[in-house]
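# Tertiary structure, described
In case you want the letters, here they are:
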Amino acid sequence: MRKTELQRFRKMLEDEKARVMRSLAQHEKIIKHTDDQSGLELGKAHSNHMADQGSDEYQYETTIKFANTEGRYLYNIEEALGRIEDGSYGKCQDCGKAIALPRLKRLPYTRLCIECKEQEEAQQA
Ligand SMILES: [Zn+2]
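The rules behind the values
- Residues numbered from 1 in each chain as written.
- Predicted model: local features only at pLDDT ≥ 70, side-chain atom pairs only at ≥ 80, totals over all residues.
- Heavy atoms only, no water.
- Donors = N, O, S within 2.8 Å, 3.2 Å for Na, K, Ca; no water.
- Tetrahedral: all angles 85-135°; square planar, octahedral: opposite > 155°, others 65-115°.
- Helix = DSSP H or I, 4+ residues; strand = E, 2+ residues; numbered from the N terminus.
- Buried < 20%, exposed > 50% of the residue type's maximum accessible area, 1.4 Å probe, protein only.
- Phe/Tyr/Trp six-rings, centres within 6.5 Å; stacked < 30°, edge-to-face > 60°.

### Quick look at the coordination of the zinc ion
All of the protein donors around the zinc ion are C92 (SG), C95 (SG), C113 (SG) and C116 (SG); their distances to the metal are 2.2 to 2.4 Å. Relative to the metal, the four donor atoms surrounding the zinc ion lie at angles of 106 to 114°, and the coordination shape comes out tetrahedral. Along the chain, the residues donating to the zinc ion are arranged with the sequence spacing C-x2-C-x17-C-x2-C. With C95 in the loop between α2 (50–86) and α3 (101–106) and C116 in helix α4 (residues 114–124), this pair connects stretches of sequence that are 21 residues apart. Given a relative accessible area of 39%, C95 falls into the partly exposed group.

### A short note on the packing of aromatic side chains
Each aromatic ring pair is specified by the distance between its two centres and by the angle formed by the two planes. Counted according to the given criterion, the structure contains two aromatic pairs. The interplanar angle of 50° and the centroid separation of 5.6 Å between the aromatic rings of F9 and Y89 together place this pair among those described as tilted. Highlighted residues: F9 in helix α1 (residues 3–42) and Y89 in the loop between α2 and α3, separated in sequence by 80 residues. With respect to class, F9 is no different from Y89; both count as buried. On the basis of an interplanar angle of 85° and a centroid distance of 5.0 Å, the ring pair of Y73 and Y109 is categorised as edge-to-face. A residue pair is termed long-range when its members are at least 10 positions apart, and Y73 in helix α2 and Y109 in the loop between α3 and α4 qualify at 36 residues. Look at Y73 and you get buried, because its relative accessible area is 18%.

Here it is in structure tokens:
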């Protein structure tokens, strides 16, 4: 892969990493906030918020799920940045062949070529 191309992928990955970290920080706030509120709710004898509790809980759960997914995503991005550093970026971690550029442009953090990815998915299914 050409150096200019590699630089472009590094930039894409770094931008994406910054975005995910911002979004995770925001979700962490929601999680903490929800925890604080449920602490307060316990002290209230007559809660007017019974109807809201279900949706709060739902939001809390989706927030945690989202944080987990984004956390994994962030990990993949960091791994890809590491591969740019050690020079293995753009190569399939399984078969060692170069990953097609259009695939990398769509998924800059991917570590498998399309053939190996499909094989992996077929095994999981
Ligand atoms: Zn492969």
